[in-house]
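Structure assessment
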Amino acid sequence: MAKVYLKQLLAGIAIAALLSGGISCRVVATSGDFYGSTTPPQRNILRYVNGDEPESLDPPVSAGQPEARIYLALYQGLVEYDPKTLNPIPALAERWDVNNDSSEFVFHMRRNARWSNGDPISAQDFVYSIRRGLAPVLASKNAYLAYAIAYAEAYNQRAVFVRDKETKTFLLEKHVADNASASTAAVSQKPIVSFGSEYDAGSTEPVADPDQRPDPGSDTAFHQFMHSPPRLTLPGGEDARTKLLAKNPKLQAAVEGKEFVPVSAEDIGVEAVDDYTVRISLSQPAPYFSGLLAHQLFRLAPRKIIEQYGDHWTEPEHIVTCGAFKLKAWLPYNELVVERDPMYWDAANVHLDEIHFFVTTDNPTSMNLYKVGEADAVLNHTVPNVWLDVIRSKKDYMDGAEAAIVYITMNVTKAPMDDVRVRRAFNMAIDKVNYAKSRRITKPLSAFTPEGMFVGYPQPKGEGFDPEQARKLLGEAGFPVTKSDGDFECKAFPAGQVEFIFNSNSSNKAMAEFMQAQWKQNLGITVPLRSMEFKTYMNARSKLEYNGFAIGIWGADYMDPFTFLGLFTTAVGVNGTGWYDLKYVAMLDQANRTLDHQQRYDLLAKAEKYLLDAQPLIPIETSSVNWLKKPYVKGMYPNAADLYPWKYVYIEREPSKWDYGVPSLAD
Amino acid sequence: MLRFIIRRLLITIPTILVVLTITWALVRLAPGNFYTSDKNIPPAIEKNIREKYGLDKPWYEQYRRTMWGIVRHFDFGTSLKYEGQSVNAIIARSLPVSATVGLLAYLLALAVGIVAGSMASLHPNSKRDYASMALAMLGISIPNFVLGPILVFIFSLTLYWLPPSRWNGFPSRNVILPVITLSGLYMAYIARLTRAGMLEVLRSDYIRTARAKGLSDSQVILRHALRGGLLPVVSYTGPALAFLVTGTVVVERIFVLPGLGNYFIQASLNRDEPLIIGIVAFIAITLLLMNLLVDIAYAFLDPRIRY
Amino acid sequence: MPVLHMHDDRPIIPGDRDKPEPGLTPDPAPSYSEGDVIHTAPEFAIAEADVLAAERGDVIPGTSLWRDAWRRLLKNRLAVFGMLVVAIITVASVTGPFIIKQLTGLTPDYIPTDVALLRSIPPLTGPEGSFSWTHLMGTDNQGRDLLARVLQGGQISLMVGIIATLVSLIIGVSYGAVAGYLGGRIDNLMMRAVDVLYSLPYIIIVIVLLSVFRSQTARGQVLLLFVALGSVSWLTMARIVRGQVLSLKNQEFVLAARATGVSTPRIIFRHIVPNTLGPVIVYATLTIPTVMLTEAFLSFLGFGVQPPLASWGSLVTDGIQNIGIFPWQLIFPGVTMALTLFSLNFLGDGLRDALDPQMRKL
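Turning our attention to the overall build of chain A. Scanning chain A from terminus to terminus reveals 21 helices and 24 strands. Relative to the 2.2 N^0.38 estimate, which gives 26 Å for 667 residues, the radius of gyration of chain A is 28 Å and therefore close to what a compact globule would have. Seen through its C-alpha atoms, chain A measures out along the principal axes to roughly 95 × 70 × 55 Å. In chain A, which comprises 667 residues, the share counted as buried stands at 51%. Within chain A, contacts between residues separated by at least 24 positions form 74% of all contacts whose residues are at least 6 apart in sequence.

In structure tokens, the structure reads:
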């Protein structure tokens, strides 16, 4: 009997302790230089809280960040991210050459790279991987990233060429274009005058060292095909094509009596010039393209294994990888373990024996694992915002600029947000400086590209906080704001018709509540808030099934302003506002065709200003990297995209060599 | 009896098909798709995805395909979200996690609940009885998503004794907190059931006789009363087990365990249709079988009920 | 905790009885014999001599029964305690926010304009760390007064609990009574439908309900919650009522009513249903805490009430997020909620004991 009461007693004590002692326990969490335990793991391993469960281990398939970090361990591309700057550094490619307008790239691959089963990695493997990644049947969500490659978009969207039945010649774009604009064509699409010259016209001095001299590979029939004027492509679907032709009589006449040939994988501008040289031809200049090649879409997948096992090739017993690490175990919704791959060409310089990627999306849970020393590092944005006052002073807190922004989209297709004055008013009624202060680590943003992320980019400024002007604008738009009792009122505004939607998480909720309070204080308008389950919210936003405001968060796919500005280059879905302006698209296009780097930035900035003036969105803040790593974890840097090339990471057991504070990104 | 069982089993099959049909329709009605993500997808790519998974076909065709696979091969297909993983395999590997935590929690609840309940019943309406029943009520009233974090706060974050979350196989220290969190509610119910059952039995003549003989409390309980007094607990076991196995969602979420409940919530949020249907089918079958077992058990335990 | 099937989550404990609740055996085939499971019948069947009175409309069973029950309830100290606590919390929730506004000027949704105050301040502490009476329970992450929010959350949680229970009561009682009274094939079909609904994962239903019939305002969302929760929690009620009706329908007073030509709906709703009130009230009382818990669970998943409104569930969920560092955010709403559920459960238990004649023997 005594036992029973002992248990009840214990339970009672536990509860009482919690009620009375809970408050004093706070002290424990705040003391010390570091957050929680600092005992390194026994073995030479890294335990990393990686966020969501990986959707797939097939590199082109998943678009998410957790997967990207796993692919960084398991797979290589031609280039790799620099651990600090994220700029492309050699990986499978030892070096690469770029033609004069960045529309053709030649990659020279190392000869000692191997798959984890020992097979050599060749240029054909890359060609296979990119063709597979773009195949419509694979349905990769990332495929759009490769659309700059010649005919990649056409192939991915099942488009067709138009071919004369007798002469077997293809109809070209210029045959049906309204105004022949051959002058704007990329170098890669112009006939070759003298082979190789397009690779050095820009350099003023001849390069002496033969290893440094550009090597465009050898000229081939495929290369000639790439350099011929672009062929016309039409939608593959019967319905879409008929519709298009009906609208354009000239096109209709040109197509009449010809046959349609599907664009095939072999037409994509990717060529294995020899076993270790890859040439990529783009349909437009893309200075950022080599940086893009570290993306998972361009990482290599093993042809032999995929053909042998089909969809099951990523299963632990079949999988073959090419990165510094190979798969050891995959326990879904728990952890994924990778171990050092002895076949990796640079295995001698890989420090960790194993990496354990833990699956959890819950921030407090991740913080708890970290605190008690069950995890050595956690992913970005794991520190809840309100904890920052406490955590920021810790020496294991990682702080840094992030290539991501937070903004509010407005549905410009529905009244009252279809009036640019109303949109501007709502923008000007938000005190972003104060908001950023309340968020503690973010920077207020008035443009659509992250503040100060791209060196030399003349970022334009949107309109700042000006409640007086905001009320005036609302009045002009027909919603006069009056003052009564010291509070503003805007009776004419149909507040019941608009809403602010966001996907439910505490940080979004806090933001929405702040904005709601701002609008109420400065405009006298109470915008109803609606927190939605994630999928419901995404659906409502991309299909414009909301009226008013929605939260938008965007992180860079590659380090160039275009990864942000490009969001508004399609009419539907992608941008979430319904705002689409051909002039804006043309401005971006012009910028990308500009060879001079600075001039291109200037033109991009001009386009951004144009976008800001139209105000389909309200910029809020530039995000900031915020995560934790134990001081003994070295070689991990708070870079702008939360991506870590794992081969550089190691465990330091000597406390004097630990990181006490944020490791420097410079040098 | 046998006729009753056969009849019930026969009814079970159409019931499950109806359940699956409704689930299928509900997933269709819910906004969003499994491929919806924070990066918007250009329409052309969306079209590729829809073709790949046969979502471009008319709904009755899709319905036929889904149901045929289930009826014919008991095959729920492969997960949409987790490329290439079959639903059957996901259930097969997540069920043991849920079952381990669930069974351990139930055993713990039985042990503590029965002891506490029978002790309380010995002196009904005493202070001791009130105290233990109040404590049991507290167990029922504190939601386990409050209890769990509190336990983590005390034993993990403050005392650094136990890991705060994650599954590390069984046995491991990781199991302790989830099991306690999960068992709280059931412990309380079982204590109350035991007390009620025991009170009934302790009033009966043979117990009075046993007491009159001068047997001690513990002898009376162990030798005579428990057998009859535990009937309600036994009948509660069926439904309780079904829910322990499948309904550990909160505990699995708090402690990040790769169990069935966690998968179910994830699948719902991901709109992963085959996985949702697979888990629903599994839960429905478990439930219906448990209900059947309980009915049979009643018939054996209580001769007044006849089928 | 109420996860897949909120209605099953609280198994009806035969409580302090040795037999299962009649409605709870999943398929209590219509072969229940009289005097067997119908232990409530003798008390509730007092109406048999009162057919005419019942016909006139005063269907409340003999007042002595209710007075008896009330007397027994008052004797049960825990139930009285529960009743008092529930009453106090209800009154505080309703009047509290007004009083706080009068005293301090703080409202539950007031976010300070000074960004230095946009943070979680410990209880009884001022912004500078000194002692202050302003925030008895401290503030939440945005500097809102936690006490005001807990009280306002109480309004919502109690309202969700009561109204969703009423919704489930209306559906469950009608459904169960009709099924039980009509019997036979219809009964079988209707109860099979209940079985089917039992096995449905209700989170999907709720997601669909809350997203298809979306609401523009926070208040509208609360209304939707009432309907969504009510419409998934009536199943057990239907089973209980059906079980009761099965046992009542062959009693003399029903037969008499039928013989005098009273219409079927009238028999069901004027004669039989009032006689099932005892168990219905008991179960309804026990449904309220379950529904409140479910609301909390929905908030845990992000489907609950919308800001700026709060419920105990949403406050607790926010508190869980910060337990490692601002424990008061979980402790105050959590304790208030647990105390209320605790009291409601005691009250429900007390009611059951009071309305259950078996307990008289004790």
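After presenting the structure, the write-up continues.
We now examine the overall build of chain B. Of the regular secondary structure elements, chain B holds 13 helices and 0 strands. Along its sequence from the N terminus, chain B presents helices and strands in the succession α-α-α-α-α-α-α-α-α-α-α-α-α. Every one of the 307 residues in chain B was classed for burial, and the buried ones make up 52%. Here the analysis covers contacts within chain B between residues at least 6 apart in sequence; of these, 74% occur between residues at least 24 apart.

Moving on: the pairing of strand β15 (residues 397–410) of chain A. Residue and element names in this part refer to chain A. Among the 14 residues of β15, 11 are classified as buried, and the element is accordingly described as predominantly covered. Where β15 and strand β22 (residues 617–628) come together, 10 bridges link them in antiparallel fashion. Residue isoleucine 408 lies in a different strand from β22, and its bridge partner there is isoleucine 618.

All names here are of chain A. Of all the positions in helix α20 (residues 582–592), only Met587, Leu588, Ala591 and Asn592 are classed as buried. For α20, the angular spread of the buried residues around the axis is 135°, confining them to a single face. Away from its buried face by more than 90 degrees, α20 exposes Leu582, Lys583 and Ala586. Next to the buried residues of α20 lie α19 (562–565) and α21 (597–614).

Residues and elements named next belong to chain A. As summarised here, the arrangement of the 4 strands in space is β4-β5-β10-β9, forming an open sheet in which the pairing is antiparallel. Because the sheet does not close on itself, it has two edges, and the strands there are β4 (93–98) and β9 (270–274). Shown here is a sheet whose adjacent strand axes are inclined to one another by a mean of 20°, direction ignored. With 5 bridges connecting them, β4 and strand β5 (residues 104–109) associate as antiparallel partners. By the bridge assignment for β5, valine 98 is matched with phenylalanine 105. Against the sheet, helix α4 (residues 123–134) engages β5, β9 and β10 (277–281), with an angle of about 170° to β9.

Let us now look at the nonpolar core. Counting 359 residues, the largest nonpolar core has Leu78, Val278 and Leu523 of chain A as the members making the most contacts within it. It is helix α7 (residues 176–202) of chain B that provides the largest number of residues to this core, a total of 17 residues. Leucine 523 of chain A has contacts with Ala425, Ala429, Ala470, Arg471, Leu474, Val481, Phe488 and Cys490 of chain A, leaving out every residue within four places of it along the chain.

Moving on, we come to helix α4 (residues 87–122) of chain B. With 36 residues, α4 of chain B extends 50 Å from end C-alpha to end C-alpha; this agrees with the ideal 52 Å at 1.5 Å per step. Maximal helix bending in α4 of chain B amounts to about 25°, located at serine 94 of chain B; proline proline 96 of chain B follows within four positions.

Turning to the sheet that holds strand β20 (residues 529–532) of chain A, a few remarks are in order. All names here are of chain A. Read across the sheet, 6 strands follow the order β16-β22-β15-β21-β19-β20 without closing on themselves; strand pairing throughout is mixed. In this open sheet, the two strands that pair with only one neighbour each are β16 (443–444) and β20. Note that β16 and β22 share 2 bridges and pair antiparallel. Counted as the bridge partner of lysine 443 is threonine 622 from β22.

Attention shifts here to the environment of aspartate 349 of chain C. All names here are of chain C. Of note, aspartate 349 is situated in helix α15 (residues 328–355). Judged by the 23 C-beta atoms lying within 10 Å of it, aspartate 349 is buried. Residues aspartate 349 and glycine 82, spaced 267 residues apart in sequence, show a C-alpha to C-alpha distance of 9.9 Å.

Attention now moves to the confidence of the model for chain A. Within chain A, residue pLDDT values average 86, and 91% of them lie at 70 or more. Scored below 50 in pLDDT, residues 1–31 of chain A shows 27 contacts in the model against residues more than four places distant or in partner chains.

Our next topic: the pairing of strand β12 (residues 335–340) of chain A. All names here are of chain A. Pairing geometry for strand β11 (residues 325–331) and β12, over 6 bridges, is antiparallel. In the strand pairing of β12, tryptophan 330 is matched with leucine 336. Both β12 and strand β13 (residues 354–358) contribute to a ladder of 5 bridges, which runs antiparallel. Residue pairing across strands places glutamate 335 opposite phenylalanine 358, the latter belonging to β13.

Looking now at the packing of α7 of chain B against helix α9 (residues 217–229) of chain B. Residues and elements named next belong to chain B. Closest axis-to-axis distance for the α7/α9 pair is 8 Å, and the angle between their directions is 120°. Judged by the angle between their axes, α7 and α9 are oblique. Of the two possible hands of crossing, α7 and α9 adopt the one that is right-handed. Between α7 and α9, the contacting residues are Thr194, Gly197, Met198, Val201 and Leu202 on the first element and Ala225, Gly228 and Gly229 on the second. Taken together, the residues of the contact of α7 with α9 sort by class into 4 nonpolar, 4 polar and no charged.

Moving on, we get to the environment of threonine 314 of chain A. Here threonine 314 of chain A is to be found in the loop between α11 (303–309) and β11. Put simply, threonine 314 of chain A and alanine 586 of chain A are 272 residues apart on the chain and 42 Å apart in space, counted from C-alpha to C-alpha. Apart from the residues lying within four places of it in its own chain, the contact partners of threonine 314 of chain A are Ser56, Leu57, Asp58 and Ile319 of chain A together with Gly84 of chain B.

Attention shifts here to the packing of helix α6 (residues 144–158) of chain B against α7 of chain B. Residues and elements named next belong to chain B. One can describe the packing of α6 onto α7 by two numbers: an axis separation of 9 Å at closest approach and a directional angle of 145°. As for how α6 packs across α7, the hand of that crossing is right-handed. Where α6 approaches α7, its residues Asn144, Leu147, Gly148, Leu151, Val152 and Phe155 are matched on the opposing element by Leu177, Ile180, Thr181, Leu182, Gly184 and Leu185. Looking at side-chain class alone, the contact of α6 with α7 contains 8 nonpolar, 4 polar and no charged residues.

By the element assignment, serine 141 of chain B lies in helix α5 (residues 127–141). Exposure remark for serine 141 of chain B: the 22 C-beta atoms within 10 Å place this residue in the buried category. Taking the C-alpha atoms as reference, serine 141 of chain B lies 38 Å from leucine 80 of chain B; in sequence the two are 61 residues apart. In this structure, serine 141 of chain B is in contact with Ala338, Leu341, Phe342 and Asn345 of chain C, ignoring residues within four places of it in sequence.

Turning our eyes to something else, we now look at unusual backbone geometry. Across the junction of alanine 415 of chain A and proline 416 of chain A, the peptide omega takes the value 0°, indicating a cis bond. Put simply, phenylalanine 170 of chain B and proline 171 of chain B share a cis peptide bond, and its omega is 0°. Here proline 171 of chain B lies in the loop between α6 and α7. Phi at leucine 86 of chain A takes a positive value of approximately 70°, unusual for a residue other than glycine. Of note, leucine 86 of chain A is situated in the loop between β2 (79–81) and β3 (88–90).

Our next topic: the confidence of the model for chain B. Residues and elements named next belong to chain B. On average, residues of chain B score 80 in pLDDT, and 90% of them are at 70 or above. Here helix α10 (residues 231–246) is the element of chain B with the lowest mean pLDDT, 65, and α4 is the one with the highest, 88. Across the predicted assembly, pTM comes out at 0.78 and ipTM at 0.75.

Cut-offs and rules
Residues numbered from 1 in each chain as written. Chains lettered and ligands numbered in written order. Predicted model: local features only at pLDDT ≥ 70, side-chain atom pairs only at ≥ 80, totals over all residues. Helix = DSSP H or I, 4+ residues; strand = E, 2+ residues; numbered from the N terminus. Rg over C-alpha atoms; globule rule 2.2 N^0.38 Å. Buried ≥ 20, exposed ≤ 12 C-beta atoms within 10 Å, placed from the backbone. Contact = placed C-beta atoms within 7 Å. Pairing = 2+ DSSP bridges. Arc of directions from axis to C-beta. Axes fitted to C-alpha atoms, helices over the stretch in contact; angles between N-to-C directions. Core = buried A, V, L, I, M, F, W, Y, C linked by C-beta atoms within 7 Å. Expected span 1.5 Å × (residues − 1). Bend = angle between axes of the 7 residues up to and from the residue. pLDDT = per-residue confidence, 0-100. Parallel < 35°, antiparallel > 145°, perpendicular 65-115°, else oblique. Left-handed = near helix turned anticlockwise from the far one by under 90°. Nonpolar A, V, L, I, M, F, W, Y, C, P; charged D, E, K, R; others polar.

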